[in-house]
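The primary structure of each chain is shown beneath.
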Amino acid sequence: MTDAGNPAVFVCMMPTRKEFFQVPEGAYAAYWTAREWVPQGFVAVVTASDANAREMVQALESALGRPEPGGNPSDPPAVFWLPAPESAYTDVLPDPALIHARMALLAHLHYGNLPRVLVLSAAALARRTLHRAVFDALCLLLGPGVRHPREQLAQNLLDAGYSRVDVVEDEGTFALRGQVVDLFVPTLGYPARITYFDDEVEQIHLFDPQTQKRFRPVDELLVHPVRECVPGDLQGMRARLYERADAVGYPSSKTRAILERVEAGEAFFGMEALVPL
């Protein structure tokens, strides 16, 4: 399985205490974790690399089981893998699927909907993401009977990083068609169709993006951000960006142009490089 020279760090969160320990990575470690520690509480496994994390996930799924077809799509799987960016170009052209997976997990963790085991590499653990207060401010909870005008919802989705399209087929997109809003939230696995009556949500169903046919009603729809680069403290970011630009001799006119695009809520190539600010 995995080189025993790369130990994994296990963190077990139990009701009364936390346990930290190291074991060699591999199938035995996964079996031992599933048997001894998972029944006691939430377990986080930090590995040396993403390759090690993938192997650990496969071994843990063999021990704990994979999601059953037809289960509740909003429930997290027993084993959740938080991937880390592997490309040198991640900060200017991130993989949307990877970012959506990270944001979906953050939504699960934020609302206490925990998997039994979280597996991630040291690089995934160290990556900066949205501040919790910013993340929470961009989340929405929709359901039948909730009043939330479509135009306001569209603006909320744009602020949270969703892209407006004609037909919803991919995660992180939405479409408005009369009294209907189609929306693909990554935590669900399927897009949702929100039907309005005036400014009130009348019903929500999941639908198949290939056939566009509805197949399951949804009582609550948690909408979360789908980008890690969502401006929070604009004034603070403005000061920090000017400071970094001055330090490397970057023209102030170009810095102002970047800030204008950020303040306008525009998504542009390379904006993820601003996450550390």
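Because the structure is a prediction, the values reported are computed rather than measured.

Draft legend 1. Region of the structure containing the environment of Tyr162. Position of Tyr162 among the secondary structure elements: in the loop between helix 6 (150–159) and strand 7 (163–164). The exposure class assigned to Tyr162 is buried, which follows from its relative accessible area of 2%. Sequence-distant contacts of Tyr162, that is, excluding residues within four places in its chain, are made with Leu157, Gly172, Thr173, Phe174, Leu183, Phe184, Val185, Pro186, Val223, His224 and Val226.

Draft legend 2. Structural view of the pairing of strand 11 (residues 200–207). Direction of pairing for strand 10 (residues 192–197) relative to strand 11: antiparallel, over a ladder of six bridges. Across the sheet, Arg193 pairs through a bridge with His205, a residue of strand 11. Joining the antiparallel neighbours strand 10 and strand 11 is a turn of two residues, in which Asp198 adopts a positive phi near 60°. When strand 11 meets strand 12 (residues 214–217), the two strands line up antiparallel, connected through three bridges. Opposite Phe207, over in strand 12, you have Arg214 as the bridge partner. Connecting strand 11 to the next strand, strand 12, in antiparallel fashion are six residues, including Gln212 with a positive phi near 65°.

Draft legend 3. Just the packing of aromatic side chains, in detail. Counting across every chain of the model gives one aromatic pair. Here the aromatic rings of Tyr190 and Phe215 are separated by 5.0 Å at their centres, their planes lie at 75°, and the arrangement is edge-to-face. Taken together, the residues Tyr190 in the loop between strand 9 (180–183) and strand 10 and Phe215 in strand 12 connect sequence positions 25 residues apart. Exposure remark for Tyr190: the relative accessible area of 37% places this residue in the partly exposed category.

Rules used throughout
Residues numbered from 1 in each chain as written. Predicted model: local features only at pLDDT ≥ 70, side-chain atom pairs only at ≥ 80, totals over all residues. Heavy atoms only, no water. Helix = DSSP H or I, 4+ residues; strand = E, 2+ residues; numbered from the N terminus. Buried < 20%, exposed > 50% of the residue type's maximum accessible area, 1.4 Å probe, protein only. Contact = heavy atoms within 4.5 Å. Pairing = 2+ DSSP bridges. Phe/Tyr/Trp six-rings, centres within 6.5 Å; stacked < 30°, edge-to-face > 60°.

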